[in-house]
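The residues making up each chain are set out below.
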Amino acid sequence: MADPVVTADEMRAAEEAAIASGTSVEELMHRAGEGAAEWIWRLCGGRAVTVLCGPGNNGGDGYVIARHLRQRGASVSVVAPLAPDTDAARAARADWGDSVSESWDEAGGEVFVDALFGTGLSRGLSPEHQQLLHRLANRHVNSVAIDLPSGVSSDDGALFDDIPSYDLTVALGALKPAHVLLPAAPHLSMVRCVDIGLGDIHYRAETLDRPQIAAPKSDAHKYSRGLALVVGGAMPGASLLAARAAQGAGAGFVQLASNEAGAVPHDIVQIDGELEHALSDERIDAALIGPGLGRDQDASHRLQRSLAAGIPLVIDGDALRIITPAATRFEREWDDSILTPHEGELASLEENGGLEKRGSKLDRARRVADTYGTIVIAKGPDTIIASPDGHCVCAPRSPSWLSVAGSGDVLAGIAVARRATSEDGDAFDAACEAVWLHAEAGRIAGASFAAGELANCVRAALERCL
Ligand SMILES: NC(=O)C1=CN([C@@H]2O[C@H](COP(=O)(O)OP(=O)(O)OC[C@H]3O[C@@H](n4cnc5c(N)ncnc54)[C@H](OP(=O)(O)O)[C@@H]3O)[C@@H](O)[C@H]2O)[C@@H](O)CC1
Ligand SMILES: [K+]
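Residues numbered from 1 in each chain as written. Chains lettered and ligands numbered in written order. Predicted model: local features only at pLDDT ≥ 70, side-chain atom pairs only at ≥ 80, totals over all residues. Heavy atoms only, no water.

Another aspect to go through is the state of the cysteines. Overall, the coordinates contain zero disulfides when judged by the stated rule. We note that C457 lacks a disulfide partner, and the nearest cysteine sulfur, in C465, lies 14 Å from it. (Disulfide = S-S within 2.5 Å.)

Structure (structure tokens):
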């Protein structure tokens with residue numbers, strides 16, 4: 001099941017709603033601390049623990065954790081450089097009731113628990129706190145972050161400071177954007193979420209789950225299963241890769257509109273001549289334009305013709321450098337096409353759309369989706385799928401071996417196939433399926449593959465969704 005990904009404001013609203021319906025902050029903190037202690041116990045198995053507690057409710061969670069681990073028989077020390085400044089944290093410290101050290105000198109043990117700052121961190125740590133955090137992390141064998149590592153900005157995953165590496169991060173109540181976004185996410189290692197009974201949380205982002213994909217119906221034929229057209233351009237290799245991936249991703253028929261005389265495998269139908277002719281086939285369910293397109297006059301014409309054809313599009317690569325919101329939004333009626341930018345292309349889309357580059361990757365992908373009136377796959381190690389209505393899906397971290405030339409062409413090919421096969425025409429679902437299949441194909445391909453091998457693994461990835 002998908003998990004919500006919740007901003008600090010959304011968390012606060014959920015907390016307030018829980019309090020309004022009769023649950024105290026102390027009770028929420030108790031559940032958070034008890035749940036986190038359970039995870040730490042699994043990791044530490046009774047070894048000595050040092051808990052670093054900050055002044056806010058993250059520190060309050062730390063005192064609750066310390067008390068629960070002590071109750072279970074672990075030897076626990078608490079280091080707190082600042083006194084608690086919330087009622088709930090003060091009460092948690094009083095319940096801990098044992099000694100608290102202000103410095104790291106006497107702290108020893110094997111497991112370090114960072115409850116210094118959580119979602120309330122508003123700026124970089126002071127040099128003293130920074131030193132304390134790193135010294136403690138270095139002195140212990142394992143480190144656990146409570147809710148977030150201290151030094152991470154919850155809503156966008158930015159790092160205020162260098163942070164130590166953690167073996168476990170226990171997210172409280174819900175995942176936060178920093179648990180899934182770069183640069184923070186790779187520092188967190190294993191992330192586990194504790195349910196603290198917040199009830200219904202209003203959220204606009206969630207994690208990506210494995211999709212369920214139906215096998216073709218028993219009376220299916222090549223057209224009913226989805227006809228995907230890949231529009232080629234100046235560099236035929238990229239569109240061929242995309243076409244190969246589209247075949248693996250379940251399209252019944254993949255055509256390549258190209259006048260290039262490169263060697264096209266016999267199982268891909270090449271349609272040459274005027275692009276209008278290829279696009280005029282009413283049986284086409286979706287088309288892909290961008291991989292290997294080029295950015296010259298001819299590329300612009302091919303893009304314009306594709307946009308004018310009124311077919312759902314996947315727009316990738318070079319096409320993302322020359323497209324404008326006027327083309328996607330105003331020259332067509334409501335468009336549920338899919339744009340697949342990497343970071344550089346996302347910045348181009350922002351520039352061409354007159355948008356500022358600000359906020360988290362979630363905010364940026366949403367803004368581009370809204371401005372261009374399309375679904376956006378903001379791809380990268382922390383891929384986000386965004387809809388113009390603000391809904392976002394965050395992909396789990398994919399294998400870093402996917403950072404290979406042609407990987408994006410494969411994703412675009414998968415996307416056009418899923419868009420062509422989607423019976424209810426849902427571009428957002430098609431985009432989510434594509435992102436999942438692409439990452440899974442990367443896992444199946446293993447280490448150090450070329451993009452052609454990745455395209456060949458899409459079929460096996462699809463099998464895992466049937
Ligand atoms: N939401 C929920 O439902 C639940 C949330 N829970 C927990 O609460 C956490 C959020 O708690 P929180 O809001 O008290 O913030 P937290 O991270 O403890 O820090 C705030 C304190 O730090 C201070 N401060 C900030 N930056 C600083 C800096 N660089 N250097 C020095 N000081 C700095 C800031 O002071 P100020 O900025 O005013 O100076 C304030 O005193 C959340 O992550 C989770 O663990 C659970 O208990 C269960 C229910
Ligand atoms: K923390």
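From this point on, the discussion continues.
Okay, the sheet that holds strand β10 (residues 253-257) next. One open sheet holds the 11 strands; their spatial order is β1-β8-β17-β16-β15-β14-β13-β12-β9-β10-β11, and the pairing between them is mixed. The outermost strands of the open sheet, each flanked by one partner alone, are β1 (4-5) and β11 (269-271). Inspection of the sheet shows β1 paired to strand β8 (residues 205-207) by two bridges, in the antiparallel sense. Among the inter-strand pairings, V5 is bridged to a residue of β8, identified as A205. Packed onto the sheet, helix α6 (residues 236-248) meets β9 (227-231), β10 and β12 (286-289) and runs at close to 170° relative to β10. (Pairing = 2+ DSSP bridges. Helix = DSSP H or I, 4+ residues; strand = E, 2+ residues; numbered from the N terminus. Contact = heavy atoms within 4.5 Å. Axes fitted to C-alpha atoms, helices over the stretch in contact; angles between N-to-C directions.)

With that settled, the discussion passes to the UniProt feature "binding site: K(+)" (unreviewed entry) in the chain. Per the UniProt record, the feature "binding site: K(+)" (unreviewed entry) sits at N58, D114 and S150. For this annotated set, covering 93 residues, all C-alpha atoms fall within 9.7 Å of each other, a compact arrangement in space. For N58, the location among the structural elements is in helix α3 (residues 57-71). If we skip the residues at most four places from it in the chain, N58 touches D114, A115, L116, F117, G118, I146 and D147. Along the chain, D114 falls in strand β4 (residues 111-115). Filtering out sequence-adjacent residues up to four positions away, D114 remains in contact with L52, N58, L133, V144, A145, I146, L148, P149, S150 and Y166. (UniProt positions renumbered as here; feature names shortened; annotations may be inferred.)

So, about the packing of helix α2 (residues 25-44) against α3. At their nearest, the axes of α2 and α3 sit 8 Å apart, and the two run at 55° to each other. Classified by the interaxial angle, the pair formed by α2 and α3 is oblique. In this structure, α2 meets α3 at a crossing whose hand is right-handed. In this structure, α2 contributes V25, M29, H30, A32, G33, E34, A36, A37, I40 and W41 to the contact, and α3 contributes N57, G60, D61, V64, I65, R67, H68 and L69. Per-class residue counts for the contact of α2 with α3 are 10 nonpolar, five polar and three charged. (Parallel < 35°, antiparallel > 145°, perpendicular 65-115°, else oblique. Left-handed = near helix turned anticlockwise from the far one by under 90°. Nonpolar A, V, L, I, M, F, W, Y, C, P; charged D, E, K, R; others polar.)

Another aspect to go through is helix α15 (residues 451-463). Here α15 contains 13 residues, and its C-alpha end-to-end distance of 19 Å stays within 8% of the 18 Å for a straight helix at 1.5 Å per residue. At C457, α15 is bent by approximately 30°, the largest bend along its length. Inspection of α15 places A451, L454, A455, C457, V458, A461 and L462 among the buried residues, and these make up the whole buried set. Those residues of α15 that are buried lie in contact with α6, α13 (407-421) and α14 (427-445). (Expected span 1.5 Å × (residues − 1). Bend = angle between axes of the 7 residues up to and from the residue. Buried < 20%, exposed > 50% of the residue type's maximum accessible area, 1.4 Å probe, protein only.)

As a matter of local geometry, ligand 1 sits amid 23 residues, with N58, D61, D85, G118 and D147 nearest to it. A distance of 2.9 Å separates an oxygen atom of ligand 1 from a polar backbone atom of T119. Take D147: an N or O atom from its side chain is 2.7 Å from an oxygen atom of ligand 1. Look at ligand 1: alone it shows 930 Å² of surface, and the protein chains cover 81% of it. The residue inventory of the shell around ligand 1, partitioned by class, reads 10 nonpolar, eight polar and five charged. (Near = heavy atom within 4 Å. Polar contact = N/O pair within 3.5 Å; in protein donor to acceptor, adjacent residues only side chain to side chain. Areas by Shrake-Rupley, 256 points an atom, 1.4 Å probe, with all protein chains shown as cover.)

On to the environment of D162. Positionally, D162 belongs in the loop between β5 (142-146) and β6 (168-172). With a relative accessible area of 59%, D162 lands in the exposed category. Linking D162 and G124, residues 38 residues apart in sequence, is a C-alpha distance of 9.7 Å. Sequence-distant contacts of D162, defined by excluding residues within four places in its chain, comprise Q130 and H134.

The next subject is the pattern of salt bridges. Counted according to the given criterion, the structure contains 24 salt bridges. One salt bridge connects R364 with E343, and the closest N-O pair in it is separated by 3.2 Å. Of this pair, R364 sits in helix α12 (residues 361-372) while E343 is found in helix α11 (residues 343-352), placing the two residues 21 residues apart along the sequence. With a relative accessible area of 7%, R364 lands in the buried category. Among the charged side chains, a salt-bridge network with shared partners connects E343, E350, K357 and R364. (Salt bridge = Lys/Arg side-chain N within 4 Å of Asp/Glu carboxyl O.)

Taken as a whole and assessed by the stated rule, the structure comprises one aromatic pair. A cation sits over an aromatic face here: R42 above W39, 4.4 Å from the ring centre. (Phe/Tyr/Trp six-rings, centres within 6.5 Å; stacked < 30°, edge-to-face > 60°. Lys NZ or Arg CZ within 6 Å of the ring centre and 35° of its normal.)

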